Amino acid sequence: MKSGSKLEKLLTAGEFVVCGEMSPPQSADGEQIRKKSEYFRGFVDAVNLTDNQSAVVRMSSVTSAILALQNGLEPIIQMTCRDRNRLAMQSDLLGASAFGIKNVLCLSGDHQSMGNHPHAKSVYDIDSIHLIDMVRNMRDEKKFECGEEMKVEPRMFIGCAANPYASPFEFRVVRLQKKIEAGADFVQTQAVFDTKVFEEFMKLVRQRGLHEKAHIIAGILPVRSTKALLFMKENVSGMSIPDELINRMGGAEDPKEEGVKIAVELIQQMRGIAGVAGVHLMPVMWESIIPTVVERAGLLPRPQPAAPEEEQPGEVIPTVD
Amino acid sequence: MIVAHRKNIQDLKAILAPHKKILVLGCGGCVTVCLAGGEREVGMISSALRIAYRVDGDEHEIHETTIERQCENQFIEEILPKVQEVDAVLSLACGAGVQSIAERYPNKPVYPGVDTKFIGILQEQGIWTEKCAACGQCIVGFYGAVCPLTRCSKAQVDGPCGGARNGKCEVSPEIDCGWQLIYDRLKAIGQLDRLLDPAPLTDWSKSHEGGCRKVVREDQRVKTPTSG
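All values reported here derive from a predicted model rather than from experimental measurement.

Focus on the overall build of chain A
Helix and strand counts for chain A come out as 11 helices and 8 strands. Here the C-alpha radius of gyration of chain A, 20 Å, is about what a compact globule of 321 residues would show, namely 20 Å. Reported as C-alpha extents along the three principal axes, the dimensions of chain A are approximately 85 × 45 × 45 Å. Out of the 321 residues in chain A, the part that is buried amounts to 55%. Taking contacts inside chain A between residues at least 6 apart in sequence as the whole, the part at least 24 apart equals 79%. Looking at chain A as shown, the accessible area adds up to about 14200 Å², and 50% of this sits on carbon and sulfur atoms. Side-chain charges of chain A comprise 37 positive and 43 negative groups, with the mean position of each set lying 4 Å from the other.

Brief notes about the interface of chain A and chain B
Of the residues lining the interface, 34 residues belong to chain A; the matching set on chain B comes to 31 residues. Where chain A abuts chain B, roughly 2500 Å² becomes buried across the two surfaces, and 50% of that area is made up of carbon and sulfur atoms. Among the residues of chain A in contact with chain B, His130(A), Phe171(A) and Lys178(A) are the three that bury the most area, contributing 22% of the side total. In this assembly, chain A and chain B are joined by 1 salt bridge. When the shortest N-O distance is used, the salt bridge between Lys178(A) and Asp158(B) registers 2.6 Å. Mapped by element, the contributors of at least two residues to the side of chain A that touches chain B are α5 (128-141), α6 (169-182) and α8 (226-235) of chain A. The dominant element in the side of chain A that touches chain B, judged by the number of residues it contributes, is α6(A), at 7 residues. A breakdown of the residues in the side of chain A that touches chain B according to their chemical character gives 11 nonpolar, 11 polar and 12 charged.

Some points on unusual backbone geometry
Residue and element names in this part refer to chain A. That bond from Ser167 to Pro168 is cis: its omega, -10 degrees, falls within 30 degrees of zero. Of note, Pro168 is situated in the loop between β5 (157-162) and α6. That bond from Leu300 to Pro301 is cis: its omega, -5 degrees, falls within 30 degrees of zero. Inspection of the secondary structure puts Pro301 in the segment after α11 (290-296).

Reading the values: the criteria
- Residues numbered from 1 in each chain as written.
- Chains lettered and ligands numbered in written order.
- Predicted model: local features only at pLDDT ≥ 70, side-chain atom pairs only at ≥ 80, totals over all residues.
- Heavy atoms only, no water.
- Helix = DSSP H or I, 4+ residues; strand = E, 2+ residues; numbered from the N terminus.
- Rg over C-alpha atoms; globule rule 2.2 N^0.38 Å.
- Buried < 20%, exposed > 50% of the residue type's maximum accessible area, 1.4 Å probe, protein only.
- Contact = heavy atoms within 4.5 Å.
- Areas by Shrake-Rupley, 256 points an atom, 1.4 Å probe, with all protein chains shown as cover.
- Lys, Arg positive; Asp, Glu negative; His and termini not counted.
- Charge placed at Lys NZ, Arg CZ, Asp CG, Glu CD.
- Buried area = accessible area lost by both parts, 1.4 Å probe.
- Salt bridge = Lys/Arg side-chain N within 4 Å of Asp/Glu carboxyl O.
- Nonpolar A, V, L, I, M, F, W, Y, C, P; charged D, E, K, R; others polar.

These figures capture arrangement, not role.
This is the structure we're talking about:
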């Protein structure tokens, strides 16, 4: 085991995993995390805590993850290259590990111009691929980026993102390969709505054997209105939303119910694609729908990782004086 | 060239208000080429300031002159008598020129008349675009001669982020995705295989991050008897 995280154990055992995603509060209200934890505990195997998603200030990913851990969840911290240089990243990883956090998702991060502090200076000291390599080096070689050694390494299961929908399309699989070669153990994809493009992407992934080197988890984003779909189509970078889906939501009597149906159908489709190791549910600000979606997708109860083999008590040899 | 853009006249009028005699100083270098601070702009800004002050009934004496380059002492020396005559200088040079004037005339207030934008090119008539971030160690040779540090809004050297859409940057549809440009160039010159090479971490110590920089060329220095 690289990290010994629950997520790593389940993926290694070949379970079809379910991840969730929680937005930390836009305030110092830790109670919100405790409340939201109810929607995830027992329904997903691990939960991403976003890192100032969309460049909007929220409670930090690492501290939110500590709260999530205390509330019985398996956290995945997200870490973007936008807000931290290599010093801050490494120190946060050490601290997260000291608190028992074992999963990290390495990201570029949305540009600060998209959020609520557009006049901020971004960092981008290193790229997400460098970040993956740095975390792997800390874990496997016990080395900081500068080459100096550390005594106790952060044992992290390393994740990366992949977006099959962003341009240039031809480069996307190459980029994923680079991330996996840098040390990514698992991959969470951009939300899938356009299954045709996704299947094409997975075909290229399989051709390169990438699904055998890292666990690929498909992003699912349950939506509750046509407005949400239209907003994402227009405003969220790197998203592809087919018009049929927008029309289907538009014609639905109960859009929330239709949103759940679509999410469940997408999950079933993902289960049928070779090389997809699980799904990642990211119901932006609609975390309460998680139990319903997971249940209706037939993914309950969630498996538990096999207990570590107990040491067999050896035969008692009587001591001879 | 260094591309600059003129400041708002009302802002200039306000910042220069305490000074009665003002020298508007143009530069014959980059700012002349990018139409921000050459002889023509010195004339335009001086006239605009005169009118603006006159409207308020304020008496200000505005002098005009333009030198070949404000970033070299040799040319700055020429205007010594003119600078001595005035209370303040409004330099229409880039940020380097403004500071160079201030260093030469330590007791004279000097103000910038333009905003220095970037190192770039004249893309088409009336449009200038940024091309270089002056990182201190040019890496464009690995990227089909497209600079990832400048052209990618996230300065990514190891591939595009997930935000590009139809070849445009997530920051604005007006901005080309730098990595789309790199991809297209490498394809055109038959070097797409470069994309799989892992890029080294950027050494920011060579850039401004390493502190204010200096280039020293011993072979070009004038040896004085004391310096050996």
